Amino acid sequence: MLNIFKKTPKNTNNKKNVVVVGGAGFIGSHLSLGLIKDGFNVHVIDNLVSGKKENIPKEAIFHLCDIRHLKDLRKTFKKIGSVECVFHLAAIPEIELSKENPFKTNETNVTGTEYVLGVSYEAKVKKVIFSSSCAVYGNQGNLPIKETAPLMPMNPYAFHKQIGELYCILYSQSCSLPTVSLRYFNVYGPNQPFKSAYSGAISIFLNQAKNKQPLTITGDGSQTRDFINVQDVVRANIAAMKSNLVGKGEVINIGSGKEYSINDIASIIGSEKKHVQERDEVKKSKADITKAKELLKWEPTITINDGLTELKKFNSL
Ligand SMILES: NC(=O)c1ccc[n+]([C@@H]2O[C@H](COP(=O)([O-])OP(=O)(O)OC[C@H]3O[C@@H](n4cnc5c(N)ncnc54)[C@H](O)[C@@H]3O)[C@@H](O)[C@H]2O)c1
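Since we're looking at a predicted model, the values are computed, not measured.

### Quick word on the overall build of the chain
Next up, step 1: Secondary structure assignment for the chain yields ten helices and 13 strands.
Next up, step 2: Along the first, second and third principal axes, the C-alpha atoms of the chain reach 60 × 40 × 40 Å.

Structure below.
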């Protein structure tokens, strides 16, 4: 591969550089803040297609760049210089859009991911952490879901995540680029957009409660999800960067290890409810988090009750 990184720019302070690709988005902006607090020089790469500039912490260095454009990505990495870790969160995480326009979403979710890995390899990045998703599992009969479960992606988005994980393994095996894929379950927290495919129940319900509308429950509401607070996801990413036990393309579940029905969530938020047409979706979900405990020495710290109480306060409810 072309090496354009012969001369690396000097870092102006003694802090190590990390790059958060997709750092203007919901999880990426929380992660950027967590890394700043942990003493890193944070560079955010984002094209702002769904992320917002105001989400990016002011201490971070922002690079407006689209990961679908290899030349621009290379230039951006060259400008940054030596990098300790790349956190790759940029994606079009919209399941419906991925069904309507699989080519367009593939460009970011698959080609963009390959470019991030390729440029990280060229730049001699020490580790890449890829944000994957429990969507790769599809509908599983056996709960809790272990990483060894057969993958059954139900839509192009889920399939794109599976390919991203495989690219990570490929780069680790054939280029010795240390990588790890974190399979997030349903992440929730402040500033989550309520229109995204992942917003799922929690942010949609909070928005409805704020607007004094009934909470719309799809089907009978007995479908379950494993909800994980965004602060725990931030800690998992930082643990994955620091752990010497990962870097060979491992895939690791990041969830709470607990299962809540959509009816449970609506009851905790506590507002009028309305049942609407059921949709084609995963029926039950709960992560087995044994691997994260072993390899990352990580476990969730925020219960759903505490997390939702804080979110209600954040939303002035
Ligand atoms: N939120 C969840 O519950 C959840 C669950 C599982 C996996 N994930 C994954 O975690 C990651 C972050 O999710 P999120 O909820 O913060 O999503 P988000 O949409 O808020 O953030 C994605 C960011 O990527 C940026 N982006 C998109 N295309 C880009 C491109 N071509 N070039 C540069 N930047 C681009 C967007 O502008 C946005 O800032 C995604 O990869 C998503 O698939 C999220």
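### Details of the site of the ligand
Next up, step 1: What surrounds the ligand is a group of 29 residues, the closest being Gly22, Gly25, Gly51, Ala91 and Val187.
Next up, step 2: When contributions to the shell around the ligand are tallied by element, the ones reaching two or more residues are α1 (26-37), α4 (102-122), β5 (127-133) and β7 (186-188).
Next up, step 3: With three residues, the single largest contributor to the shell around the ligand is α1.
Next up, step 4: Residues that form the shell around the ligand fall into these classes: 14 nonpolar, twelve polar and three charged.

### Focus on the domain arrangement of the chain
Next up, step 1: On domain assignment, one finds that the chain holds domain 1 (17-187 + 229-255 + 287-296) and domain 2 (188-226 + 259-285 + 303-314).
Next up, step 2: Centre-to-centre separation of domain 1 and domain 2, based on C-alpha positions: 25 Å.
Next up, step 3: Taken together, the contact between domain 1 and domain 2 spans 21 residues of the former and 17 residues of the latter.
Next up, step 4: Every element with two or more residues in the side of domain 1 that touches domain 2 is listed here: α1, α3 (95-100), β7 and α7 (230-242).
Next up, step 5: Of all the elements, α1 adds the most residues to the side of domain 1 that touches domain 2, at three residues.
Next up, step 6: Per-class residue counts for the side of domain 1 that touches domain 2 are ten nonpolar, nine polar and two charged.

### Focus: the environment of Asp46
Next up, step 1: Position of Asp46 among the secondary structure elements: in strand β2 (residues 41-46).
Next up, step 2: Remark: the alpha-carbon pair of Asp46 and Val21, spanning 25 residues in sequence, is separated by 6.1 Å.
Next up, step 3: Dropping the residues within four chain positions of it, Asp46 is found in contact with Gly22, Gly23, Ala24, Gly51 and Ala90.

### Describing unusual backbone geometry
Next up, step 1: Cis rather than trans, the peptide bond between Leu143 and Pro144 has omega equal to -5°.
Next up, step 2: You will see that Ser176, though not glycine, has its phi angle at about 55°, which is positive.
Next up, step 3: Assignment of secondary structure puts Ser176 in the loop between α5 (156-175) and β6 (179-184).
Next up, step 4: On the neighbour-count criterion, Ser176 (10 C-beta atoms within 10 Å) is exposed.
Next up, step 5: Positive phi, close to 50°, is recorded for Ser316, a residue that is not glycine.

### Observations regarding α4
Next up, step 1: With 21 residues, α4 extends 29 Å between its outermost C-alpha atoms, agreeing within 8% with the 30 Å of an ideal straight helix rising 1.5 Å per residue.
Next up, step 2: In the structure, α4 departs most strongly from a straight axis at Gly112, where the bend amounts to approximately 30°.
Next up, step 3: Burial in α4 covers these residues: Thr105, Thr108, Asn109, Val110, Gly112, Thr113, Tyr115, Val116, Leu117, Val119 and Ser120.
Next up, step 4: Next to the buried residues of α4 lie β1 (17-21), α2 (70-80), β4 (85-88), α3, β5 and α5.
Next up, step 5: Where α4 ends, the next residue or the one after it, Lys124, has phi of about 55°, a positive value.

### Side note on the packing of helix α6 (residues 200-210) against helix α8 (residues 262-269)
Next up, step 1: Put simply, α6 and α8 touch, their axes get as near as 10 Å, and they point 35° apart. Crossing of α6 over α8 shows right-handed handedness. When α6 is examined against α8, the residues Ala201, Ile202, Phe205, Leu206 and Ala209 are found in contact with a partner set consisting of Ile262, Ile265, Ala266 and Ile269.
Next up, step 2: Considering only residue class, the contact of α6 with α8 consists of nine nonpolar, no polar and no charged.

### Focus on the sheet that holds β6
Next up, step 1: Taken together, seven strands build an open sheet; the order of strands is β3-β2-β1-β4-β5-β6-β11 and the sheet is parallel. Two strands bound the open sheet, and with one partner strand each, they are β3 (61-64) and β11 (248-254). On average, each strand axis in the sheet is tilted by 20° relative to the strand beside it, whichever way the strands run.
Next up, step 2: Summarising the sheet, β1 and β2 pair through five bridges and their orientation is parallel.

### Observations concerning α6
Next up, step 1: Looking only at α6, the buried set comprises Ala201, Ile202, Ser203, Phe205, Leu206 and Gln208.
Next up, step 2: Where α6 is buried, its residues contact β7, β8 (215-218), β10 (227-229), α8 and α10 (304-314).
Next up, step 3: Remark: Lys212 follows α6 within two positions and exhibits a positive phi of approximately 55°.

### Considerations on the pairing of β5
Next up, step 1: Within β5, seven of the seven residues are buried, which leaves it mostly tucked inside the rest of the structure.
Next up, step 2: Burial of β5 is two-sided: the residues Lys127, Ile129, Ser131 and Ser133 facing one way and the residues Val128, Phe130 and Ser132 facing the other way are all buried.
Next up, step 3: Strand direction decides the pairing type here: β4 and β5, joined by four bridges, are parallel. Looking at β5, one finds that Phe87 is bridged to Ile129.
Next up, step 4: Pairing of β5 with β6, which is carried by six bridges, proceeds in the parallel orientation. The residue of β6 that forms the bridge with Ile129 is Val180.

Conventions and cut-offs
Residues numbered from 1 in each chain as written. Predicted model: local features only at pLDDT ≥ 70, side-chain atom pairs only at ≥ 80, totals over all residues. Helix = DSSP H or I, 4+ residues; strand = E, 2+ residues; numbered from the N terminus. Near = placed C-beta within 6 Å. Nonpolar A, V, L, I, M, F, W, Y, C, P; charged D, E, K, R; others polar. Domains from an automatic or database assignment. Contact = placed C-beta atoms within 7 Å. Buried ≥ 20, exposed ≤ 12 C-beta atoms within 10 Å, placed from the backbone. Expected span 1.5 Å × (residues − 1). Bend = angle between axes of the 7 residues up to and from the residue. Axes fitted to C-alpha atoms, helices over the stretch in contact; angles between N-to-C directions. Left-handed = near helix turned anticlockwise from the far one by under 90°. Pairing = 2+ DSSP bridges.

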